[in-house]
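Letter by letter, the chains look like this.
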Amino acid sequence: MDECREYETLICGDITTENMYDYHEIMKNLSDKIKKLTYLIMSYNWENGNANVDIPFYCRNVLESSLTAILGRIDPFRLITVYKVQSDPSYDLGKRAQTAVEWAGDIVAKSSPSGNLWQFDKKKESFDRALLGNHMGDVIWKPSFRTLGDYISGNELQSEWLNEFASYNEDENFERLKHEAMRLFSSFSKGVHSECLVDINTMLDNLTLKSLIKDMYKLCSIIALASHFVEFLATKIEIGRAIFIFLRIEEMVENV
């Protein structure tokens with residue numbers, strides 16, 4: 001699957017480390033899924049007339065799996081908890097699992113906190129742990145976006161994606177990428193769910209789908225790249241390797 005350009009490695013990091021126990025199996029499963037779906041997207045036959053059915057399904061899976069994997073690199077216990085519940089004999093496929101990773105709550109915050117994020121008298125439940133929530137933004141994304149911006153400024157990199165990123169500060173990039181994640185999730189959902197009652201060929205034509213593919217890989221790749229500038233995240237890879245893979249992915253999706 002050379003078409004994947006190691007996208008799954010940029011997202012999941014180095015999962016070959018010893019003594020990772022259940023976490024290794026979780027990240028391997030996510031990595032394998034991301035790689036397979038990326039291959040299906042990159043090798044897709046756009047002449048078969050099924051793109052508006054296939055592509056939204058593939059892309060929403062890649063979007064959710066990619067951001068879930070990055071969440072797992074920040075908060076391994078969150079994914080291990082889900083894995084343990086799903087592996088238990090009591091797990092019922094026909095019932096909603098209370099522990100399941102959900103877009104609203106785990107990836108984006110259900111609500112935006114008001115006032116001081118770190119107010120002394122707030123209860124621990126008030127500190128949101130969503131990947132793209134404001135607390136994670138303050139602790140992880142804004143500092144790593146600033147460091148990535150400094151890296152871009154100090155190195156000559158041929159990348160439209162990184163040039164665009166560097167034109168914003170860390171606060172702007174955080175808000176921009178958070179809203180982009182929500183836009184992409186909503187866009188792909190239109191093709192997955194039955195809410196769309198107009199002709200789906202009009203709403204999700206090939207040109208629109210290809211644009212959404214590029215935006216999705218750009219979003220996830222930038223977030224993943226920034227994550228490798230955070231030393232305390234699990235399975236991070238060396239910065240030079242992360243940059244190399246990032247540039248290959250940008251080149252890959254330009255040919256969609």
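Figured I'd write up the structure that's included with this text. (Residues numbered from 1 in each chain as written. Predicted model: local features only at pLDDT ≥ 70, side-chain atom pairs only at ≥ 80, totals over all residues. Heavy atoms only, no water.)

### Quick look at the overall build of the protein
- Of the regular secondary structure elements, the protein holds 11 helices and 0 strands.
- Across the protein, helices and strands are ordered from the amino to the carboxyl terminus as α-α-α-α-α-α-α-α-α-α-α.
- Taken against the 2.2 N^0.38 rule, which gives 18 Å for 256 residues, the C-alpha radius of gyration of the protein at 18 Å falls within 12% of a compact globule.
- In terms of overall dimensions, the protein has C-alpha extents of about 55 × 55 × 40 Å along its principal axes.
- Looking at the protein residue by residue over its 256 residues, the buried ones come to 46%.
- Considering only contacts in the protein between residues 6 or more positions apart, those separated by 24 or more positions represent 71%. (Helix = DSSP H or I, 4+ residues; strand = E, 2+ residues; numbered from the N terminus. Rg over C-alpha atoms; globule rule 2.2 N^0.38 Å. Buried < 20%, exposed > 50% of the residue type's maximum accessible area, 1.4 Å probe, protein only. Contact = heavy atoms within 4.5 Å.)

### Overview of the packing of helix α3 (residues 51–74) against helix α10 (residues 206–227)
- Taken N-terminus to C-terminus, the directions of α3 and α10 make an angle of 10°; their axes are 11 Å apart at the nearest point. Between α3 and α10, the crossing angle belongs to the class labelled roughly parallel. The segment α3 lies against α10, with A51, N52, I55, P56, C59, V62, L63, S66, L67, I70 and R73 engaging N206, L209, I213, M216, Y217, L219, C220, I223, A224 and S227.
- Tallied by class, the residues present in the contact of α3 with α10 amount to 16 nonpolar, 4 polar and 1 charged. (Axes fitted to C-alpha atoms, helices over the stretch in contact; angles between N-to-C directions. Parallel < 35°, antiparallel > 145°, perpendicular 65-115°, else oblique. Nonpolar A, V, L, I, M, F, W, Y, C, P; charged D, E, K, R; others polar.)

### Focus: the nonpolar core
- Counting residues in hydrophobic clusters, the biggest one holds 74 residues, and the most contacted among them are I11, I55, L63, L67, W141, M216 and Y217.
- Among the elements that make up this core, the one with the highest residue count is α10 (12 residues). (Core = buried A, V, L, I, M, F, W, Y, C linked by side-chain atoms within 4.5 Å.)

### Focus: the pattern of salt bridges
- Taken as a whole and judged by the stated rule, the model has 17 salt bridges.
- R146 is the salt-bridge partner of E170, the closest N and O atoms lying 3.0 Å from each other. On the criterion of sequence distance, the pair formed by E170 in helix α8 (residues 170–192) and R146 in helix α6 (residues 134–154) is long-range, its members being 24 residues apart.
- Here the residues in one salt-bridge network are E6, R241 and R248, joined through shared partners. (Salt bridge = Lys/Arg side-chain N within 4 Å of Asp/Glu carboxyl O.)

### Observations regarding the state of the cysteines
- Enumeration over the complete set of coordinates arrives at 0 disulfides.
- Here C12 stays free of any disulfide, with the sulfur of C220 as its closest cysteine sulfur at 11 Å. (Disulfide = S-S within 2.5 Å.)

### A few points about unusual backbone geometry
- The phi angle at Y21 is positive, at roughly 55°, despite the residue not being glycine.
- Position of Y21 relative to the elements: it lies in the loop between α1 (7–12) and α2 (22–42).
- Even without a glycine there, the phi angle at T235 is positive, about 60°.
- By the secondary structure assignment, T235 is in the loop between α10 and α11 (239–254).
- The class of T235 is buried, set by a relative accessible area of 13%.

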